[in-house]
Amino acid sequence: MLSEQERREIEAHARHYPNNRAVCIEALKVVQQHRGWVSDDGIADVAEALQITPAELEGVATFYNMIFRKPVGKHVILLCDSVSCWVMGYERLRQHLTNRLGIGLGQTTADGRFTLLPNVCLAACDHAPVMMVDDAHYQDLDPARIDEILASYQQEEKQEEKEPTDGNTADP
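Described below are features of the structure shown in this document. On a predicted model such as this, the values are computed, not experimentally measured, just so you know.

Here's the deal with the overall build of the chain
The helix and strand tally for the chain stands at seven helices and five strands. Scanning the chain from its N terminus toward the C terminus, one meets helices and strands in the order α-α-α-α-β-α-α-β-β-β-β-α. Taken over 172 residues, the chain has a buried fraction of 37%. Within the chain, residue pairs in contact and separated by at least 24 positions form 59% of the contacts whose partners lie at least 6 positions apart. If you sum the accessible surface of the chain, you get close to 10,200 Å²; carbon and sulfur atoms cover 51% of it. On the chain, the mean spot of the 16 positive side-chain charges and the mean spot of the 28 negative ones are 2 Å from each other.

Okay, here's the thing in structure tokens:
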């Protein structure tokens, strides 16, 4: 069942589209944002809300590679494997990432922090090789830069762990 928040967000997106089929990608993205990925139950929930069949929605979800149909890590790394990135060092970066993270393509680290996925193109061929982590785009990569990027995400998580959870950030 969709949460009230998910339902409100989907309805807000639907106002900008001519019909329910047109809003299905946005609706799937809403569910993924709240749940981390789109399960079979998530497909059924969205299909019911949009009054389309789960099979129709499944077709969209499996075609669109940014909808995750399996659980993923807290951060999703998309490594571009286009021709430009291959020429500019994709293989060396893929090897570096898999060694550094201890996982292969399509896998998630044991701590659930990172999932590493190949991606056909990230639209920055003039700055190859490139990757994305979540919504952040990184260009002109080399192994040292990748290490800096991964360290920044690990540092960010450590910082989040230190922050008070009661919402009160003022000093006493």
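Focus on the side chain of Asn119
With respect to the helices, strands and loops of the structure, Asn119 is situated in strand E3 (residues 114-119). Classification of Asn119 as buried rests on a relative accessible area of 6%. At 2.9 Å, the side chain of Asn119 and the backbone oxygen of Cys121 are in polar contact. Here Asn119 is in contact with Asn65, Leu78, Leu79, Cys80, Asp81 and Ser82, once residues within four sequence places are set aside.

Regarding the pairing of E3
A large share of E3 lies buried, amounting to five of its six residues. Looking at chain direction, strand E2 (residues 107-108) and E3 are connected through two bridges and run antiparallel. Considered in E3, the bridge of Gln107 is made with Leu116. Counting the residues between successive antiparallel strands, the hairpin from E2 to E3 contains five residues, one of them, Gly112, with a positive phi of roughly 75°.

Describing the sheet that holds E2
The mixed open sheet is built from five strands, whose spatial order is E2-E3-E1-E4-E5. Edge positions in the sheet fall to E2 and strand E5 (136-138), since each has one partner strand and no second. Examined bridge by bridge, strand E4 (residues 131-133) and E5 share three bridges and lie antiparallel to one another. Paired with Met132 across the strands is His137, a residue of E5.

Some points on the side chain of Thr98
Inspection of the secondary structure assignment puts Thr98 in helix H6 (residues 90-101). Taking the relative accessible area as the measure of exposure, Thr98 reaches 11% and is therefore buried. Among the polar contacts listed, one links the side chain of Thr98 to the backbone oxygen of Gln95, at a separation of 3.0 Å.

Considering the packing of helix H2 (residues 24-35) against helix H4 (residues 54-63)
Contact geometry for H2 and H4: axes closest at 10 Å, N-to-C directions at 75°. The angle between H2 and H4 places the two elements in the roughly perpendicular class. Along its contact with H2, which presents Cys24, Ile25 and Leu28, the element H4 presents Leu57, Val60 and Ala61. Residues that form the contact of H2 with H4 fall into these classes: six nonpolar, no polar and no charged.

Definitions and limits used
Residues numbered from 1 in each chain as written. Predicted model: local features only at pLDDT ≥ 70, side-chain atom pairs only at ≥ 80, totals over all residues. Heavy atoms only, no water. Helix = DSSP H or I, 4+ residues; strand = E, 2+ residues; numbered from the N terminus. Buried < 20%, exposed > 50% of the residue type's maximum accessible area, 1.4 Å probe, protein only. Contact = heavy atoms within 4.5 Å. Areas by Shrake-Rupley, 256 points an atom, 1.4 Å probe, with all protein chains shown as cover. Lys, Arg positive; Asp, Glu negative; His and termini not counted. Charge placed at Lys NZ, Arg CZ, Asp CG, Glu CD. Polar contact = N/O pair within 3.5 Å; in protein donor to acceptor, adjacent residues only side chain to side chain. Pairing = 2+ DSSP bridges. Axes fitted to C-alpha atoms, helices over the stretch in contact; angles between N-to-C directions. Parallel < 35°, antiparallel > 145°, perpendicular 65-115°, else oblique. Nonpolar A, V, L, I, M, F, W, Y, C, P; charged D, E, K, R; others polar.

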